[in-house]
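Working through the structure, step by step
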Protein chains: 2
Amino acid sequence: MIPTPYLLFLGDAPDQLAAKVAQGIRDWRPQNAVGQLRMEGCKASVGMPDMTLEEARAAGAKTLVIGVANRGGVISQAWKSVLLEAMDLGFDIASGLHNLLREEADLVAKAEATGVHLHDVRVPSESYPIANGLPRTGKRCLAVGTDCSVGKMYTGLAMDLEMKNRGLKSSFRPTGQTGILITGNGVPLDAVVADFMAGAVEWLTPDQDPDHWDHIEGQGSLFHISFSGVTMALIHGGAPDALVLAHEPTRAHLRGLPDRAVPSLEALRDLVLPIARIANPDVRIIGVSVNTSALSEEEAVRYLAEVESRMGLPAVDPFRQGAARLVDALIAS
Amino acid sequence: MIPTPYLLFLGDAPDQLAAKVAQGIRDWRPQNAVGQLRMEGCKASVGMPDMTLEEARAAGAKTLVIGVANRGGVISQAWKSVLLEAMDLGFDIASGLHNLLREEADLVAKAEATGVHLHDVRVPSESYPIANGLPRTGKRCLAVGTDCSVGKMYTGLAMDLEMKNRGLKSSFRPTGQTGILITGNGVPLDAVVADFMAGAVEWLTPDQDPDHWDHIEGQGSLFHISFSGVTMALIHGGAPDALVLAHEPTRAHLRGLPDRAVPSLEALRDLVLPIARIANPDVRIIGVSVNTSALSEEEAVRYLAEVESRMGLPAVDPFRQGAARLVDALIAS
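Residues numbered from 1 in each chain as written. Chains lettered and ligands numbered in written order. Predicted model: local features only at pLDDT ≥ 70, side-chain atom pairs only at ≥ 80, totals over all residues. Heavy atoms only, no water.

Attention now goes to the overall build of chain A. Along its length, chain A carries 12 helices and 11 strands. Relative to a compact globule of 333 residues, whose C-alpha radius of gyration would be 20 Å, chain A shows 20 Å and is just as compact. Across its three principal directions, the C-alpha atoms of chain A cover 55 × 45 × 45 Å. For chain A, with 333 residues in total, the buried portion stands at 60%. With an accessible surface of roughly 12500 Å², chain A has 52% of that area assigned to carbon and sulfur atoms. Once the 30 positive and 40 negative side-chain charges of chain A are each reduced to a mean point, those two points are 3 Å apart. (Helix = DSSP H or I, 4+ residues; strand = E, 2+ residues; numbered from the N terminus. Rg over C-alpha atoms; globule rule 2.2 N^0.38 Å. Buried < 20%, exposed > 50% of the residue type's maximum accessible area, 1.4 Å probe, protein only. Areas by Shrake-Rupley, 256 points an atom, 1.4 Å probe, with all protein chains shown as cover. Lys, Arg positive; Asp, Glu negative; His and termini not counted. Charge placed at Lys NZ, Arg CZ, Asp CG, Glu CD.)

Take the packing of helix α9 (residues 265–279) of chain B against helix α10 (residues 297–311) of chain B next. To describe two helices that pack against each other, one gives the angle between their axes and the distance between the axes. Residues and elements named next belong to chain B. Close contact between α9 and α10 brings their axes to 11 Å; oriented N to C, the two are set at 40 degrees. The angle between α9 and α10 falls in the class oblique. Our pair here, α9 against α10, has a crossing hand that is right-handed. For the pair formed by α9 and α10, the contact residues are L265, E266 and R269 on the first element and V307, R310 and M311 on the second. (Axes fitted to C-alpha atoms, helices over the stretch in contact; angles between N-to-C directions. Parallel < 35°, antiparallel > 145°, perpendicular 65-115°, else oblique. Left-handed = near helix turned anticlockwise from the far one by under 90°. Contact = heavy atoms within 4.5 Å.)

With that out of the way, let us pick up the sheet that holds strand β6 (residues 139–145) of chain B. Residues and elements named next belong to chain B. Read across the open sheet, the 6 strands follow the order β7-β8-β6-β9-β10-β11; overall the sheet is parallel. The sheet is open, and its two edges are formed by β7 (170–173) and β11 (315–316), each paired on a single side. In this sheet, β11 lies alongside strand β10 (residues 284–290) in parallel orientation, the contact comprising 2 bridges. Its bridge partner being in β11, S289 is matched across the sheet by V316. (Pairing = 2+ DSSP bridges.)

Below, the discussion takes up the relation of the copies chain A and chain B. Here the two chain copies are tied together by a rotation about an axis and a shift along that axis. Once chain A has been moved 0.0 Å along the axis and rotated by 180 degrees, it coincides with chain B to within an RMSD of 0.1 Å. Within this description, the copies of the chain are treated as partners about a two-fold rotation axis. (Least-squares fit on C-alpha atoms with pLDDT ≥ 70 in both.)

Residue and element names in this part refer to chain A. The alternating pattern of strand β7 (residues 170–173) places S170 and F172 and S171 and R173 on opposite faces, both of which are buried. Note: β7 against strand β8 (residues 213–216), 4 bridges, orientation parallel. Of the residues in β8, the one forming a bridge with F172 is H215.

Let us look at the side chain of B:D120. Residues and elements named next belong to chain B. By the element assignment, D120 lies in strand β5 (residues 118–120). The exposure class assigned to D120 is buried, which follows from its relative accessible area of 7%. Once residues within four sequence positions are removed from consideration, D120 is found in contact with S95, L100, L101 and R102.

With that out of the way, let us pick up the sheet that holds strand β4 (residues 92–95) of chain A. All names here are of chain A. Spatially, 5 strands are ordered β2-β1-β3-β4-β5 in an open sheet, and the strand pairing comes out parallel. Of all the strands in the sheet, the pair left with one neighbour each is β2 (33–38) and β5 (118–120). Taking the axes of each pair of neighbouring strands and ignoring which way they run, one obtains an average angle of 20 degrees across the sheet.

Residue and element names in this part refer to chain A. Of note, the amide linkage connecting T4 to P5 takes the cis form, showing an omega dihedral of 0 degrees. Within the element layout of this structure, P5 appears in the segment before β1 (6–11). A positive phi angle, near 55 degrees, is found at S149, a position not held by glycine. The topology assignment puts S149 in the loop between β6 (139–145) and α5 (152–165).

Attention shifts here to the domain arrangement of chain A. All names here are of chain A. The domains assigned to chain A are domain 1 (6–120) and domain 2 (139–332). Relative to domain 2, the C-alpha centre of domain 1 lies at a distance of 27 Å. Of the residues lining the interface, 17 residues belong to domain 1; the matching set on domain 2 comes to 16 residues. Between domain 1 and domain 2, the buried area comes to about 1500 Å², and carbon and sulfur atoms account for 62% of it. Seen at the junction of domain 1 and domain 2, the total is 0 salt bridges. Remark: the boundary between domain 1 and domain 2 carries 3 residue pairs in polar contact (both at pLDDT 80 or more). Across the side of domain 1 that touches domain 2, the residue classes break down as 8 nonpolar, 4 polar and 5 charged. (Domains from an automatic or database assignment. Buried area = accessible area lost by both parts, 1.4 Å probe. Salt bridge = Lys/Arg side-chain N within 4 Å of Asp/Glu carboxyl O. Polar contact = N/O pair within 3.5 Å; in protein donor to acceptor, adjacent residues only side chain to side chain. Nonpolar A, V, L, I, M, F, W, Y, C, P; charged D, E, K, R; others polar.)

Further remarks concern the pairing of strand β8 (residues 213–216) of chain B. Strand residues, when the strand is regular, have side chains that alternate between the two faces of the sheet. Residue and element names in this part refer to chain B. The side-chain alternation of β8 yields two buried faces, one formed by W213 and H215 and the other by D214 and I216. The pairing of β6 with β8 spans 4 bridges and is parallel. Bridge pairing in β8 links K139 to W213.

Here the focus is the interface of chain A and chain B. Taken residue by residue, the interface counts 39 residues in chain A and 39 residues in chain B. Regarding the contact of chain A and chain B, the summed buried area is about 3100 Å², with carbon and sulfur atoms giving 63% of it. Counting the surface chain A buries against chain B, the share from its top three residues, A:D195, A:I225 and A:I278, is 19%. Along the contact surface separating chain A from chain B lie 12 residue pairs in polar contact (both at pLDDT 80 or more). Elements that contribute at least two residues to the side of chain A that touches chain B include exactly α7 (197–204), α8 (228–238) and α9 (265–279) of chain A. With 6 residues, α8(A) is the largest single contributor of residues to the side of chain A that touches chain B.

Written out as structure tokens, the structure reads:
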């Protein structure tokens, strides 16, 4: 377990999306963080008080969480002086980056010298099996996106929260570093060895009561060529009973791929259904989750109504509006 | 480089398919092996002389190649005494299993004591990038299967050989341990960390002359839930210009998944095209490769004619008949 509360390190994040780890903690477990630390040139904020390491320590923070993701997951040299100073002040460091804290000799030496701990939440903690494709009891829901970073994790967290608030049986099943930092368990799917991806998802979503829903955190997109294999393993290992289509309507192109257009929700529906039916012939799409954070309230309401009419499915922004209508549709499915 | 010639270790292979690593070496580089070693209960043979370790050593063998794959890739305790004895006799050991030779303390100790080498060809030797999806010059061909182990590697090797025999520009690009053992290079794709799968395939198939074809070794199947994520990354990282559909007509169910039926070639065609067009809108299916090893000559000819008429594509068994018609179709595409 990672000691709380955290100080959220945003580093030199080039844009707001790069800070999605910190934002996720801020949105779903705000009680676990005392503030944020931003370096010069940082273009992100999660709206918490800016603090120095000393101020955060005085406010009780125990762990500096690297709340920013670089493309490729590298620990930049620019961050090193902050991390080393934090360790001198007694902070543990927690990270979900590919480039592990434990692979950096200076950080390891400092941890040994100061007695603090390095937490690499991306490292798989289990030896996962190869997927066996056997049916499991209980129900599973997965959000699939037209692109990466369109709100799939938020959708799952919001649906889980709504079900818990109604007294229904529900779990959120993280498959990425943010979710793992939020809940304290899960599978760091993009760090799992290829052959065991689907098996790791089966392991994460075992037999449950017949009326229990696992909300599996989505990853990547079937249309995003860099990460579509991870999405595929998630769909076939999770064998979801219900799918939610996730979309961000203002994206000019696929994230990180400037020459590739974001597909329509219809294209996603038509591609994902035959793929998902391979694992679970009874799978249904129960709704659309739209990340409207770049739209005004009025624009969002208009856009959601248009999507709802076009797709014939409930269309909501679960972060802005809550996930009640998605849960209604899930239960009715 | 792994010293040749080899002795092919078939262990206690439960069936012929489990010995596909040894069979691949036997079929494509027979000059690299002096014989096979089978333990009691072995149900496979690659048709080479059965030899003891001593006999193979006397015949000049330098490396014992583990030519058998267990489900999960484990090095069984039953094999250990053979491997240790081989090392005492001066054999190197080569393996493509997930469970690495270098992770077994007794093998490592014996290698140190005897001065022989342990070759784990499954271990990625590069730090692969995240896929960028940028177009590359040259052409790429990929075989995709209705199931795992239906002859995708053979198809690529046979097409590559046929093109080389015609003086055309061609490379075979291995993505699995057998191909790597055969050619001495490649990407062990099923051992690559999930986020870097598609990038590893881009790395494996770089810019080439416009009239050069890379024949990328296929893996898994979009319909095989245990490994479909690997297949997806191969399609999106490889961005093939040409696809060959691969099938084994006598399979009772998907390999290792007794409750799941093998899909039809039509179902594969209809699923793979929209997926492959995401990476390369101009992709075409140029033919069908059928593994007819379980059919008589007459049955095979009849079956291939039926498939050819049904699918409107050349249908051949490249191992039985050569890949000339597939290469004709590729060049005409």
